[in-house]
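Examination of the molecular architecture
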Amino acid sequence: MRALTVRPQHPGSLAVEDVPEPSPQEGDLLVEGIAVGVCATDREIAAGGYGWAPDGTDRLVLGHESFGRVREAPDGSGFEPGDLVAGVVRRPDPVPCGACARMEFDMCRNGRYTERGIKQRDGYASELWRVEPGYAVRLADSLARTGMLLEPATIVAKAWEQIERVGERSYFAPRRVLVTGAGPIGLLAAQLSIQRGLETHVLDRVPEGQKPALVRAIGAAYHADDPGEVTRHLAPDIVIEATGSPEVVVSVLRGNAAYGIVCLTGVSPEGRRLTIDAGGLNREIVLQNDAILGSVNANLRHYHKAADALAKADNDWLESLLTRRVPLERAAEAFTKTEDDIKTVIDL
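Below or above, wherever it landed, is the structure these notes cover. (Residues numbered from 1 in each chain as written. Predicted model: local features only at pLDDT ≥ 70, side-chain atom pairs only at ≥ 80, totals over all residues. Heavy atoms only, no water.)

**Remarks on the overall build of the protein chain**
Check the secondary structure of the protein chain and you find 10 helices and 20 strands. Taken over C-alpha atoms, the radius of gyration comes to 20 Å for the protein chain, in line with the 20 Å a tight globule of 348 residues would show. Summarising its shape, the C-alpha atoms of the protein chain cover approximately 60 × 45 × 40 Å along the three principal directions. Taking all 348 residues of the protein chain together, the buried fraction comes to 53%. Contacts in the protein chain between residues at least 24 apart in sequence constitute 69% of all its contacts with a sequence separation of at least 6. With an accessible surface of roughly 15,600 Å², the protein chain has 47% of that area assigned to carbon and sulfur atoms. The centroid of the 39 positive side-chain charges in the protein chain is displaced by 4 Å from the centroid of its 50 negative side-chain charges. (Helix = DSSP H or I, 4+ residues; strand = E, 2+ residues; numbered from the N terminus. Rg over C-alpha atoms; globule rule 2.2 N^0.38 Å. Buried < 20%, exposed > 50% of the residue type's maximum accessible area, 1.4 Å probe, protein only. Contact = heavy atoms within 4.5 Å. Areas by Shrake-Rupley, 256 points an atom, 1.4 Å probe, with all protein chains shown as cover. Lys, Arg positive; Asp, Glu negative; His and termini not counted. Charge placed at Lys NZ, Arg CZ, Asp CG, Glu CD.)

**Re the sheet that holds strand β20 (residues 343–347)**
Across the sheet, which stays open at both edges, the three strands sit in the order β4-β20-β19 with mixed pairing between neighbours. In this open sheet, the two edge strands, each paired with only one partner strand, are β4 (35–38) and β19 (322–327). Across the sheet, the mean angle separating the axes of adjacent strands is 30 degrees when strand polarity is ignored. In this sheet, β20 lies alongside β4 in antiparallel orientation, the contact comprising four bridges. Opposite Val-38, over in β20, you have Thr-344 as the bridge partner. (Pairing = 2+ DSSP bridges. Axes fitted to C-alpha atoms, helices over the stretch in contact; angles between N-to-C directions.)

**Quick word on the pairing of strand β16 (residues 238–241)**
By the alternation rule, side chains of β16 split into Ile-238 and Ile-240 and Val-239 and Glu-241, which are all buried. Note that strand β13 (residues 176–180) and β16 share four bridges and pair parallel. Its bridge partner lying in β16, Thr-180 is registered against Glu-241. With four bridges connecting them, β16 and strand β17 (residues 261–264) associate as parallel partners. By the bridge assignment for β17, Ile-240 is matched with Cys-263.

**Considerations on empty space enclosed by the protein**
Counted according to the given criterion, the structure contains one cavity of 30 Å³ or more. By volume, the largest cavity is sized at about 30 Å³. What lines the largest cavity is Leu-4, Val-36, Gly-37, Val-38, Asp-42, Leu-62, Gly-63, Ala-125, Phe-335 and Ile-346. Sorting elements by how many residues they give to the lining of the largest cavity places β4 first, with three residues. Residue composition of the lining of the largest cavity, grouped by class: seven nonpolar, two polar and one charged. (1 Å grid on protein atoms, 1.4 Å probe; cavity = no way out; pocket = protein on both sides within 12 Å on 5 of 7 lines; lining within 4 Å. Points joined across faces, edges and corners; volume = space filled by probe spheres on them. Nonpolar A, V, L, I, M, F, W, Y, C, P; charged D, E, K, R; others polar.)

**Side note on the layout of surface pockets**
Considering only enclosed or pocket space, the second largest pocket measures out at about 270 Å³ in volume. Per-class residue counts for the lining of the second largest pocket are eight nonpolar, five polar and six charged.

**Quick word on the packing of aromatic side chains**
One pass over the structure, following the stated rule, counts four aromatic pairs. Considering the side-chain rings of Phe-105 and Tyr-135, the 6.1 Å spacing of their centres and the 50 degrees angle between planes classify their relative orientation as tilted. Separated by 30 residues along the polypeptide, Phe-105 in the loop between α2 (98–101) and β9 (114–116) and Tyr-135 in the loop between β11 (128–131) and β12 (136–138) bring together distant segments of the chain. The same class applies to Phe-105 as to Tyr-135, namely buried. Sitting over the face of the ring of Tyr-135, Arg-91 holds its NZ or CZ atom 4.2 Å from the ring centroid. (Phe/Tyr/Trp six-rings, centres within 6.5 Å; stacked < 30°, edge-to-face > 60°. Lys NZ or Arg CZ within 6 Å of the ring centre and 35° of its normal.)

**Here we look at the side chain of Asp-204**
For Asp-204, the location among the structural elements is in the loop between β14 (199–203) and α5 (210–217). The class of Asp-204 is buried, set by a relative accessible area of 13%. Here Asp-204 is in contact with Gly-181, Ala-182, Gly-183, Lys-211, Tyr-222, His-223 and Ala-224, once residues within four sequence places are set aside.

Shown next as structure tokens:
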């Protein structure tokens, strides 16, 4: 079978090649791959900056934003041939730490977890793949063309769960949400905000085009002005930051409402330095009882929450997020971003 592989930490090693069919040791469910999404993590691995191959091999099958259709399922697995499924990315560490022992493996404390398509486990960018039934998530039939959005949706499902847990430390009745960044994470975060009945605003750099249209299509407001001015004007109760831009991060920390919550989901590049009034920023955070948290990865609970959220969303809107689809034989094209990209997908 064909698969998209890379030699981790070796730039220029990305290739579509023939590999053996997956072993039953990888899971009882045999799945026909439909598609995988491509994100910044995949591009970083392909560029040689990240990633680890499974033990005993020097190549890694890429693909953590999975989507496929069950071909074979054992009795008692809870799945049937024909089911649409996605596979969970992370597995708990074998020690395990306290979080992994409680299946909160997205919060692993010792770093010994493994991840499909990223760290020591082959991913899902292959014509066939296997997965353990306990790490497979069934998707609604309505998601037959958009199921690869599940993994990015889990990131925001977890972010929303963490925001609500922090907010409930006291009386919590948020009204206004600001999402910074109109990429896949930002747009899905806005979708989940709208599903919660909240006044939702999205900030991005482009003044026109598909991103503003997608935001307005779900009933949210779009902004392309200075992040500091937008944040001060809105005074949002909740900010979900999905750009990773240091300037945007500082802007939203300075302008949110009292008892505000800022959830950081974007990963900032190293080496970017800003001059800020750290004392003034600290003073505002403390005196207003603000909270800042980071959120990354997801556990099984978040996968099921994300599957429910995607099933409730308008599928035409979800499909509009998929701005570029390339076949497996031309997979390398997916690793060069274009100006109009939102989500690029490799069809398997």
